[in-house]
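# Per-entry structural report
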Amino acid sequence: MSNMRSGMSRKLEEKGLTGFQIRVLLNTMKIPKGRTVTYKQLASMSGRPKAYRAVGTALKKNPFAPRIPCHRVVRSDGTPGNYSARGGTRRKVKMLKSEGAI
DNA sequence: TTCCTGACGCTCG
DNA sequence: GCGAGCGCCAGGA
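Residues numbered from 1 in each chain as written. Chains lettered and ligands numbered in written order. Predicted model: local features only at pLDDT ≥ 70, side-chain atom pairs only at ≥ 80, totals over all residues. Heavy atoms only, no water.

Our next topic: the protein's contact with DNA strand B. If you check the shell around DNA strand B, you find 16 residues, and the closest are R53, L59, K60, S76 and N82. The sugar and phosphate moieties of DNA strand B supply 47% of its atoms located within 4 Å of the protein. In this structure, S76 approaches DNA strand B through a side-chain N or O atom, which is 2.6 Å from a phosphate oxygen. At 3.5 Å, a side-chain N or O of S84 approaches a base nitrogen of DNA strand B. The set of elements that each furnish at least two residues to the surface near DNA strand B consists of α3 (39–45) and α4 (52–60). (Near = heavy atom within 4 Å. Polar contact = N/O pair within 3.5 Å; in protein donor to acceptor, adjacent residues only side chain to side chain. Helix = DSSP H or I, 4+ residues; strand = E, 2+ residues; numbered from the N terminus.)

Counting 22 residues, the largest nonpolar core has L12, V24, L25, L42, V55, L59 and V73 as its most contacted members. Going through the elements one at a time, α1 (2–14), α2 (19–28), α3 and α4 are the ones with two or more residues in this core. Apart from residues lying up to four places away in sequence, L25 is in contact with L12, L17, A58, L59, N62, P63 and I68. (Core = buried A, V, L, I, M, F, W, Y, C linked by side-chain atoms within 4.5 Å. Buried < 20%, exposed > 50% of the residue type's maximum accessible area, 1.4 Å probe, protein only. Contact = heavy atoms within 4.5 Å.)

Lining the immediate surroundings of DNA strand C are T18, F20, Q21, R48, K50, A51, Y52, R53, A54 and K61. Looking at the surface near DNA strand C, the elements with two or more residues in it are α2 and α4. A per-element tally of the surface near DNA strand C places α4 first, with three residues. When grouped by side-chain class, the residues that make up the surface near DNA strand C number four nonpolar, two polar and four charged. (Nonpolar A, V, L, I, M, F, W, Y, C, P; charged D, E, K, R; others polar.)

Encoded structure:
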């Protein structure tokens, strides 16, 4: 478990991501299937409850789109938010529906 | 080092 | 209920 995370975080570092970014992505991959988390929650998990802005930037830089379920991160007001990966927001909603998150 | 932008959040009109 | 504005932090130029 820890070994796995360490390896992943190293890979992320090689991708040019910084500590905060890595923590965000690491927490994102922990999100269970069929469950959604808000940017605020993710920011809190990463140690910076008010850095929800930076969280969005981090997810955007996510180099492991399928491995890191960034589509499970939604906004606090219920809207799905944006999605830079393949398919865009449309695909994001579709995936969430498929997982039963909605 | 300073300024600008951004996959956001919350309040106000 | 909806739209606009201000505030938040991190990263890049």
